[in-house]
Amino acid sequence: MTTLDPDTLERLRRQVPLRLDRRGQFFFEDDPVTHPGVRALFLRGLDLTPAGEPSLRVGEQWCYLQVEDCLLRVLGVRADANGAPVLRLDDGRELALDPATLWEEPGHGLRCSVPSQPSGRPLSVRFTNPALADLVPWLGDDDPVTLRLGDRRLPIPSQPQGA
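None of the values given here were measured: they were computed from a predicted structure. Sequence order sets the numbering: in each chain, residues are counted from 1 along the sequence as written. Selection of residues for local features in this predicted model requires a pLDDT of at least 70, selection of side-chain atom pairs for listing and counting requires 80 or more, and totals for whole chains, interfaces and linings are taken over all residues. Excluded from the side-chain calculations are hydrogens and water; all other atoms, namely the structure's heavy atoms, are used.

Our focus in this paragraph is the packing of aromatic side chains. Centres within 6.5 Å are what make two rings of Phe, Tyr or Trp a pair, Trp counting through its six-membered ring; a difference in plane orientation under 30 degrees is then read as stacked, over 60 as edge-to-face, and the rest as tilted. Applying the stated rule across the entire model yields two aromatic pairs. Centre to centre, the rings of Trp 62 and Tyr 64 are 5.0 Å apart; their planes meet at 75°, and the pair counts as edge-to-face. Between buried and exposed lies partly exposed: a residue is buried under 20% and exposed over 50% of the maximum accessible area for its type, with that area taken using a 1.4 Å probe on protein chains only. Residue Tyr 64 is classed as buried on the basis of its relative accessible area of 11%. For a lysine, the NZ atom is tested; for an arginine, the CZ atom; a charge sits over a ring if that atom is within 6 Å of the ring centre and within 35 degrees of the ring normal. It is Arg 14 that lies over the ring of Tyr 64; its NZ or CZ is 3.8 Å from the centre. The ring of Phe 27 has Arg 19 sitting right over it, with the charged end atom 4.4 Å from the ring centre.

Okay, here's the thing in structure tokens:
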């Protein structure tokens with residue numbers, strides 16, 4: 001088996017015509033990736049490189065990924081046993097909302113971050129309209145809007161914290 005030099009491998013990884021659109025649909029060139037198993041595999045493999053570029057890992061192989069918006073979407077929100085919000089993600093996971101990562105992108109809605117499955121690096125997540133409706137019980141009508149967690153009221157910033 002021939003081993004590729006690092007420059008060639010980098011160039012090949014950048015040439016893969018794989019794209020994730022705003023709605024979370026994968027495309028290879030202009031063709032949608034529609035097989036449910038492949039789509040699930042791709043969602044589980046979403047990651048960021050150490051330099052912060054979107055990537056897709058399948059087994060030991062990976063390539064760069066063109067992304068139009070966030071890497072993942074929140075499809076729904078439910079309460080855990082203590083009444084805290086749990087996010088149902090389009091990659092199949094259910095994760096507790098980390099309030100420190102929640103922010104409102106002006107004109108585009110709420111976002112947060114969750115750890116990637118391959119590396120644990122923080123991935124961008126967009127709340128869908130149904131998920132926003134599910135989150136309403138935790139939202140205060142303050143100005144700015146707050147996240148209500150028990151007795152705590154946490155303002156939702158208009159940019160990511162630490163930005």
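The criterion is simple. A nonpolar core is a set of buried Ala, Val, Leu, Ile, Met, Phe, Trp, Tyr and Cys residues joined through side-chain atoms within 4.5 Å. Core analysis: the biggest nonpolar cluster contains 31 residues, and Phe 26, Leu 46, Val 74, Val 77, Leu 87, Leu 102 and Phe 127 have the highest contact counts within it. Note on definitions: a residue-residue contact is assigned when non-hydrogen atoms from the two residues lie within 4.5 Å. Leaving out residues up to four positions away in the same chain, Phe 127 has contacts with Val 74, Val 77, Leu 87, Leu 97, Leu 102, Leu 110, Arg 111, Cys 112, Leu 132 and Leu 135.

Right, let's get into the sheet that holds strand β4 (residues 46-48). Taken in spatial order, the three strands make up an open sheet running β4-β5-β6, and their pairing is antiparallel. Among the strands making up the open sheet, the edge pair consists of β4 and β6 (61-64). Here the strands of the sheet are splayed against their neighbours by 35° on average, with no regard to which way each runs. Bridge count for β4 against strand β5 (residues 54-58) is three bridges, and the pairing is antiparallel. The rule for pairing is simple: two strands pair if DSSP sees at least two bridges between them. Numbering goes from the N terminus for both helices and strands, where a helix is a DSSP run of H or I of at least four residues and a strand is a run of E of at least two. A fitted line through C-alpha atoms serves as each axis, taken over the contacting stretch for helices, and the angle formed by two N-to-C directions is quoted from 0 to 180°.

A few words now on the pattern of salt bridges. Two side chains carrying opposite charge are able to pair once their charged atoms lie near each other. Basic side-chain nitrogens of Lys or Arg form a salt bridge, by our definition, when they fall within 4 Å of a carboxyl oxygen of Asp or Glu. As enumerated under the stated definition, the model contains 12 salt bridges in all. Salt-bridge contacts for Arg 73 lead to Asp 90; the nearest nitrogen and oxygen are separated by 2.9 Å. Linking Arg 73 in strand β8 (residues 72-79) with Asp 90 in the loop between β9 (85-89) and β10 (94-96), this pair joins segments that are 17 residues apart in sequence. As far as the burial class goes, Arg 73 and Asp 90 line up, both buried. A salt bridge links Arg 111 to Glu 105; the shortest N-O distance between them is 3.5 Å.

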